[in-house]
Every structure is written in C-alpha cells, then in structure tokens.
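If you want the building blocks of each chain, they are given just below.
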Protein chains: 2
Amino acid sequence: MLCCASSVCGTTAVKAQPATDGEPLQVREIGSFHVGGRLATISGLPEREITLLPGAPSMRLNPNGEFWVEQMYAQYVRLADPRARYPLLMWHGGGLTGVTWETTPDGRPGWQMFFLRAGHDVYVSDAMERGRSGWNRFPEIFAGEPIWRTMSEGWTLFRIGPADGWNIDPAQRRAFEGTRFPVPAYNPFVMQGVPRWTTTDRQVMAAYDALVQRVCPCVVMVHSQGGYFGFNAALNAPDKVKAVIAVEPYATPDASADAARVKDVPHLVVWGDFLEGNAFWTGGRSKVTVWQERIRAAGGVADTLDLPAEGIRGNSHMLMMDTNSDDVAARVQQWMEQRGLMR
Amino acid sequence: MLCCASSVCGTTAVKAQPATDGEPLQVREIGSFHVGGRLATISGLPEREITLLPGAPSMRLNPNGEFWVEQMYAQYVRLADPRARYPLLMWHGGGLTGVTWETTPDGRPGWQMFFLRAGHDVYVSDAMERGRSGWNRFPEIFAGEPIWRTMSEGWTLFRIGPADGWNIDPAQRRAFEGTRFPVPAYNPFVMQGVPRWTTTDRQVMAAYDALVQRVCPCVVMVHSQGGYFGFNAALNAPDKVKAVIAVEPYATPDASADAARVKDVPHLVVWGDFLEGNAFWTGGRSKVTVWQERIRAAGGVADTLDLPAEGIRGNSHMLMMDTNSDDVAARVQQWMEQRGLMR
C-alpha cells in the first residue's frame with residue numbers, strides 16, 4: 001500500500017470547485033512562444049519538382065538548407081489576479097499533445113480550465129516533435145521512424161477496456177465495468193493522437209529544460225510519458241521547479257540520479273484504477289514508487305493520491321478526461337493548497 | 001488600381017484600439033475539439049521491435065490496424081459578452097499553424113488577442129496535417145512526401161528581404177528597406193514552421209468544411225494558402241460563412257466556380273508591401289483580383305485593403321506579426337464594423 005498525504009486521503013467530501021463557477025475568467029493575456037532547439041544544416045539531398053498551391057507555377061524544390069529544429073511550443077493563459085504562487089506547466093504524455101489538458105473529448109471543460117478557475121496561470125506545451133512544436137526531417141534530424149498508435153492499442157494502454165473488449169464498431173465495444181472514461185467519446189479522443197518517435201528523449205528533455213529556464217519558478221504537472229521529463233526537470237532545476245504533480249507517470253530518473261537534489265521539491269503522484277493484472281502499468285508504477293521512496297529517504301516529500309484506495313473506482317489512464325475529472329482535479333488542487341503553493 | 005471600400009480607404013487616423021487596453025478580458029471558456037476525418041485501416045506492413053520509454057520492456061510494434069485520420073484541431077476562446085455577431089475563425093497559411101495568430105515572434109500580443117479585445121469569440125485552428133491536428137502515415141494515407149521550408153526560402157517568400165539579403169548570421173541579414181517585420185525575431189518566427197504536404201488540399205478543405213458546419217455562422221479570416229480554403233469554404237456554405245477576410249491570400253476557386261453563390265458574403269482582401277517585381281506574389285494577386293471582380297460582377301462585395309495605397313509602407317507577407325500589426329488589425333476591424341458584423 002502506498003503512502004498518501006493523509007490530509008488528502010482523509011478527505012471524502014471535496015468542496016464545490018470553482019470550475020463549476022459561471023463567472024467569467026479574468027484573463028490578462030493569452031499567448032504563446034517557441035523555446036529551445038538549434039540551427040541545423042541539411043545537404044546532399046536531391047531536388048524534386050513540386051507545385052505548392054493550386055495555380056502556382058511548378059517549382060524545383062531544393063530540400064537542402066538551414067533549418068531551426070527541435071524547438072518546443074508553449075501556450076499560456078495569464079490571469080489578471082492569480083491565486084497560485086507559481087504558474088502551472090502542464091506536460092502531456094506519449095503520442096499526444098497539450099490538447100490532453102483542454103476540453104474533454106465529450107465536451108466538458110478540462111483541467112486547463114479547472115486550474116485556471118482555481119487561480120493558476122497555466123502553460124500548456126506540446127513536447128518537442130509533437131503538435132505545434134513541429135517535427136523534423138528523418139532520419140537526417142530525428143533518428144529512426146515515427147510510430148502511430150492504433151485505436152485498439154489506445155483502448156488497452158490507456159486502460160479503458162480489456163483487449164477483447166475492443167471493436168471498431170462503437171456499439172460493440174466493451175469497456176471495463178465501472179469505467180469513468182467517457183466511452184462514447186473514444187473516437188474523438190483518438191483524434192487527439194499524433195505520431196511520435198522513440199529516439200528523441202534527449203531533445204524533448206532539452207526543450208523542457210529550456211522552458212523551465214524561461215518561465216519558472218513554477219509547478220510542473222505531467223502525464224504518462226511526461227513523468228520522465230517532469231521528474232528529470234526537477235532534478236535539473238530544483239531551484240526553479242517548486243513542485244511536481246505526476247499523473248499516472250511512466251519512467252523515472254536513472255538509478256544514478258541524486259534524489260537529495262529534489263528534497264525541497266514536493267512531489268505528488270496520482271493513480272487511477274484497473275492497474276492490477278496489467279504488467280506494463282504495475283511495472284511502471286513499481287519504478288515510480290521506488291523513486292518516491294528515494295525522495296522520501298533523502299528527506300523530501302513524495303505523496304501519492306491513489307484514487308481506488310480513496311474509494312474512487314473506475315478511473316482510466318486519461319483521468320483528466322474521465323467523468324469525475326473535476327473531482328480528481330479538486331483533490332490535486334487541495335494538495336497544492338496544503339503544500340503552500342497558493343497565496 | 002484595385003478598388004477599396006471607400007470608408008476604409010479614406011480613413012487616415014484609426015481610432016485607439018481596445019488591444020492596447022489593460023483591462024482583463026472577460027472569458028467564458030477556453031477550449032478545443034477535433035473535427036472531421038475518417039476511419040482508415042492499414043495492413044500489410046512489417047512488425048518491428050521498439051522500446052516506448054526508458055525502462056519499458058522492448059515490444060514488437062505492429063504498425064497495422066485502425067486509425068482515425070485527416071481530422072482537424074480547433075481551439076476557441078469564448079467571451080462572456082461578445083460584441084461581434086459571429087465567431088471569428090482564423091485559418092493560417094502553408095507550412096504554419098494557428099500560432100500565426102498568437103503572440104508575435106517578438107513577444108507582442110497578436111491578432112488573436114486583438115480580435116478578442118475587439119469583442120470577437122475567436123477560433124484558431126491548425127489545418128488538417130499540421131500542428132495539433134496530427135498527421136498521417138505516408139504514403140499509405142498522405143500521398144507523396146512532406147516538405148520543410150528552409151530559413152532562406154521563408155526570408156524571400158514572406159517578403160522580409162531580398163534573396164541576396166539572406167544570411168544565417170542574424171547580424172549579416174539585410175531586410176527590405178523600411179520593412180515592418182520584426183527582423184531580429186526572424187529565428188523565433190521560423191520556429192513556428194511545420195512540415196506540409198502538397199497533395200492534401202482535398203482533405204484540408206473537407207476538414208475546414210466540417211468546421212464550418214460545426215461552428216458557423218461565422219466570419220472566416222484566412223492567410224496565404226488559407227485563402228484557397230477560405231474562398232472555397234464560403235462557396236461551399238454561403239449560408240454559414242458571413243464574411244471572408246483574406247490576408248495576403250494565395251490561390252482562388254476554380255474557373256468554373258459560381259461567384260453568384262457568394263454575392264451575399266462580403267469579402268475583404270488585405271495586401272502588404274514589396275509585391276512589385278515578385279512574380280510569385282504579383283501572379284497570385286492577379287488571380288485573386290479576378291476572383292474579386294467576378295464576385296462584384298455577380299452583385300457581391302469584394303473590397304481590398306491595399307496598405308501601400310493607403311500610405312502604409314513596409315508590411316511583409318506576415319503582416320499580423322509586423323510592428324504595425326495592431327494598426328492593420330484596426331483597419332480590418334473597422335471594415336467589419338462597417339459591414340454590419342458587430343452588434
């Protein structure tokens with residue numbers, strides 16, 4: 001049994017949240033920028049003939065030249081009067097983009113809106129190589145090939161239903177009993193998917209580190225594959241990252257990492273349901289638990305919000321989209337209050 | 001000389017605009033969705049061995065299966081109390097994403113913020129295949145290969161400087177004399193670029209049409225390559241598209257298109273500077289002018305805001321990023337006021 005911050009664990013009734021509030025959000029600015037990356041030169045590729053647009057003259061395309069590569073996109077919403085001490089950076093998981101945090105696939109306000117309403121300036125980014133960050137020529141810049149997630153893989157990897165419950169016909173799909181994922185919105189959810197490489201972690205990390213240097217002090221909230229980058233971002237800049245909230249994280253820092261570096265950076269790890277019997281996720285969770293234990297052994301804080309242990313059953317890996325997403329967010333918000341992250 | 005809506009042409013002093021206003025924006029909701037696309041099945045590709053994440057077990061990747069493809073992403077900011085009659089849809093140009101409309105590369109609020117402050121609900125989308133829309137396996141789903149724009153091509157295509165003024169060293173670059181593009185921010189600007197295909201216009205158009213059906217009635221604002229899609233979106237749904245604002249558009253509907261279909265859809269075309277002697281752009285402009293003439297011959301409205309003719313010199317193709325971007329936006333806003341598009 002994992003240890004949970006007792007003040008979160010003990011709370012069965014979470015107070016009505018500002019996300020249900022109908023008052024307008026007081027916004028100072030909505031904006032974006034790109035950060036990180038490097039100049040690269042490509043040479044030696046053959047020319048080819050293309051037509052850029054209907055009616056445009058045919059042209060010889062010389063694909064060689066100079067490019068900016070490996071940059072990352074971040075979009076921010078700054079409030080007129082934030083209640084949070086630090087901006088909240090939201091980093092998505094593998095094969096996805098910052099859209100993870102936006103409107104849920106069944107059309108409810110997502111965690112971006114929840115945490116804005118709770119008083120945080122919010123920065124939603126797309127990992128290097130995904131979404132509005134752009135992507136680079138391969139194999140010249142990115143090694144290897146991209147991969148695309150099949151609809152059936154998402155069904156099981158995100159723990160929405162058993163493998164034999166998958167069917168391309170929505171009416172024939174069988175989800176886990178009691179799932180809180182909005183199952184009729186599974187098709188709109190997979191529309192959020194983007195290709196990914198499995199060879200670019202170093203560049204993704206470098207771009208996140210550049211973002212931290214530009215924007216922080218901050219709180220970093222990560223999901224899934226983002227866990228690896230969030231845990232390491234805190235190690236790389238423990239003076240800048242004031243807390244890490246890891247939602248269903250996968251992968252942890254190397255065994256050689258010095259957990260004492262993050263002893264002043266409180267961590268919260270959030271788990272949904274249906275992990276039992278899933279070797280990918282129980283294995284991943286075990287590694288995260290070891291990393292939490294190492295942080296605590298170094299004198300730090302590494303709490304766990306284990307939803308099933310709290311009596312909240314049915315959450316998928318995409319718990320920020322589940323039908324109780326606001327309730328889970330409220331528990332995370334409460335942890336931030338307790339950890340002194342709000343004014 | 002092109003004809004301009006005289007009430008815009010005659011205005012030399014444009015009134016102070018709300019974009020400079022320091023008051024918080026009253027926002028009802030920030031959100032997003034994907035629209036359009038289709039199910040596709042890929043089969044017959046070989047399996048390969050991959051490792052998804054550090055520490056994850058190696059796995060056999062079977063790239064075959066079912067995918068949702070050719071969808072499009074749109075993000076909206078809805079105001080508590082919009083002054084505009086219809087939401088404003090902002091469609092970017094080739095090799096770019098919705099970021100075009102966000103913060104300028106030198107860090108000033110962009111046209112998204114300007115038109116929010118002017119009272120429009122704003123929908124910024126990424127064309128099918130770009131940004132947060134995701135992209136699909138090629139050649140199985142997208143025909144042909146993607147192309148990436150070199151930094152030097154952007155320098156000339158976007159009319160920032162002459163070809164012989166390009167240099168990879170920012171200190172050695174020579175822009176057009178009097179350019180209003182924020183030249184020191186050219187590197188941050190090219191970071192906004194993404195790959196594109198030249199074979200996917202049909203799918204891009206289908207996704208825009210699906211967006212129009214979902215969101216409109218609306219006003220569609222397009223840039224560059226987006227002109228092709230905006231002009232055609234109005235033809236495809238003249239009851240839904242209440243106006244088209246084409247900023248430096250390239251490409252027009254086919255010669256067989258019936259301009260009478262859009263006689264009740266006012267059009268405004270906006271041109272910057274430095275077109276003379278540039279065959280790509282003068283040729284493109286000629287085609288747009290013919291389309292405008294056909295709309296007018298059918299009894300419709302097809303105005304032109306020719307900035308140099310107004311005495312405003314120095315605008316690049318990326319005029320929503322130029323140092324006078326708010327002034328240009330104010331003239332567009334004034335046209336919308338005059339055309340009855342505000343409450």
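Rules of the game
- Residues numbered from 1 in each chain as written.
- Chains lettered and ligands numbered in written order.
- Predicted model: local features only at pLDDT ≥ 70, side-chain atom pairs only at ≥ 80, totals over all residues.
- Core = buried A, V, L, I, M, F, W, Y, C linked by C-beta atoms within 7 Å.
- Buried ≥ 20, exposed ≤ 12 C-beta atoms within 10 Å, placed from the backbone.
- Contact = placed C-beta atoms within 7 Å.
- Helix = DSSP H or I, 4+ residues; strand = E, 2+ residues; numbered from the N terminus.
- Nonpolar A, V, L, I, M, F, W, Y, C, P; charged D, E, K, R; others polar.
- Least-squares fit on C-alpha atoms with pLDDT ≥ 70 in both.
- Expected span 1.5 Å × (residues − 1).
- Pairing = 2+ DSSP bridges.
- Axes fitted to C-alpha atoms, helices over the stretch in contact; angles between N-to-C directions.
- Parallel < 35°, antiparallel > 145°, perpendicular 65-115°, else oblique.
- Left-handed = near helix turned anticlockwise from the far one by under 90°.
- pLDDT = per-residue confidence, 0-100.

### As for the nonpolar core
- Among the nonpolar cores identified, the biggest contains 192 residues, and Val219(A), Val220(A), Met221(A), Val219(B), Val220(B) and Met221(B) are the most heavily contacted of them.
- If we ignore the near neighbours within four places in the chain, the residues touching Met221(A) are Leu88(A), Leu89(A), Met90(A), Trp91(A), Ile245(A) and Val247(A).

### Re the interface of chain A and chain B
- With 64 residues of chain A at the interface, the matching set in chain B holds 65 residues.
- When contributions to the side of chain A that touches chain B are tallied by element, the ones reaching two or more residues are β1 (25-35), β5 (65-69), β6 (72-79), α2 (111-117), α3 (151-157) and α4 (186-190) of chain A.
- The greatest single-element share of the side of chain A that touches chain B, amounting to ten residues, is contributed by β1(A).
- Classifying every residue of the side of chain A that touches chain B gives 33 nonpolar, 22 polar and nine charged.

### A closer look at the relation of the copies chain A and chain B
- If you rotate chain A by 180° and push it 0.0 Å along the axis, it lands on chain B with an RMSD of 0.0 Å. The superposition operator between the copies reduces to a two-fold rotation axis. For chain A, the residue whose C-alpha comes nearest the rotation axis is Gly131(A), separated from it by 2.1 Å.
- Most of the interface of chain A is mirrored in chain B: 100% of its interface residues are interface residues there too.

### Here's the deal with helix α5 (residues 201-215) of chain A
- Given a rise of 1.5 Å per residue, 15 residues ought to cover 21 Å, and the 21 Å separating the end C-alpha atoms of α5(A) matches this to within 8%.
- Buried within α5(A) we find Gln203(A), Val204(A), Ala207(A), Tyr208(A), Leu211(A) and Val212(A).

### A look at the pairing of strand β1 (residues 25-35) of chain B
- The pairing of β1(A) with β1(B) spans three bridges and is classified as antiparallel. Counted as the bridge partner of Leu25(A) is Val27(B) from β1(B).
- Direction of pairing for β1(B) relative to strand β6 (residues 72-79) of chain B: antiparallel, over a ladder of eight bridges. Opposite Glu29(B), over in β6(B), you have Arg78(B) as the bridge partner.

### Points about the packing of α5(A) against helix α6 (residues 226-236) of chain A
Residue and element names in this part refer to chain A.
- Across the interface, α5 lies against α6 with an axial gap of 10 Å and an inter-helix angle of 55°. On the basis of their axis angle, the class for α5 and α6 is oblique. Handedness of the crossing formed by α5 with α6: right-handed. Along its contact with α5, which presents Val 204, Met 205, Tyr 208, Asp 209 and Val 212, the element α6 presents Phe 229, Asn 232, Ala 233 and Asn 236.
- Taken together, the residues of the contact of α5 with α6 sort by class into six nonpolar, two polar and one charged.

### Quick word on the confidence of the model for chain A
Residue and element names in this part refer to chain A.
- Put simply, chain A has an average pLDDT of 93, and 94% of its residues get 70 or more.
- Within chain A, strand β7 (residues 88-91) carries the highest mean pLDDT (99), whereas helix α1 (residues 6-9) carries the lowest (38).
- Between residues 1-20, whose pLDDT stays under 50, and residues either more than four places distant or in other chains, the model counts 34 contacts.

### As for the environment of Val332(A)
Residues and elements named next belong to chain A.
- Mapping Val 332 onto the fold places it in helix α8 (residues 325-338).
- Note: C-alpha distance between Val 332 and Met 113 (219 residues apart in sequence) is 14 Å.
- Among residues more than four places away in sequence, those in contact with Val 332 are Ile 245, Leu 268 and Val 270.

### Some thoughts on the environment of Ile245(A)
Residue and element names in this part refer to chain A.
- Tracing the backbone shows Ile 245 in strand β10 (residues 241-247).
- Note on Ile 245: 25 C-beta atoms within 10 Å, which makes it buried.
- Ile 245 sits 149 residues away from Leu 96 along the chain, and the two C-alpha atoms are 18 Å apart.
- Among all residues touching Ile 245, those that are not within four sequence positions of it are Val 219, Met 221, Leu 268 and Val 332.

### Here we look at unusual backbone geometry
- Here the residue pair Phe138(B) and Pro139(B) is connected by a cis peptide bond, since its omega of 5° sits within 30 degrees of zero.
- In this structure, Pro139(B) sits in the loop between β8 (122-126) and α3 (151-157).
- Residue Pro217(B) follows Cys216(B) across a cis peptide bond; omega there is 25°.
- Tracing the sequence through the fold places Pro217(B) in the loop between α5 (201-215) and β9 (218-223).
- Although it is not a glycine, Arg159(A) sits at a positive phi angle of roughly 55°.
- Tracing the backbone through its elements, the reader meets Arg159(A) in the loop between α3 and α4.
- On the neighbour-count criterion, Arg159(A) (24 C-beta atoms within 10 Å) is buried.
- Here the phi dihedral of Glu248(B) falls at roughly 50°; this positive angle occurs in a residue that is not glycine.
- Position of Glu248(B) among the secondary structure elements: in the loop between β10 (241-247) and β11 (267-271).

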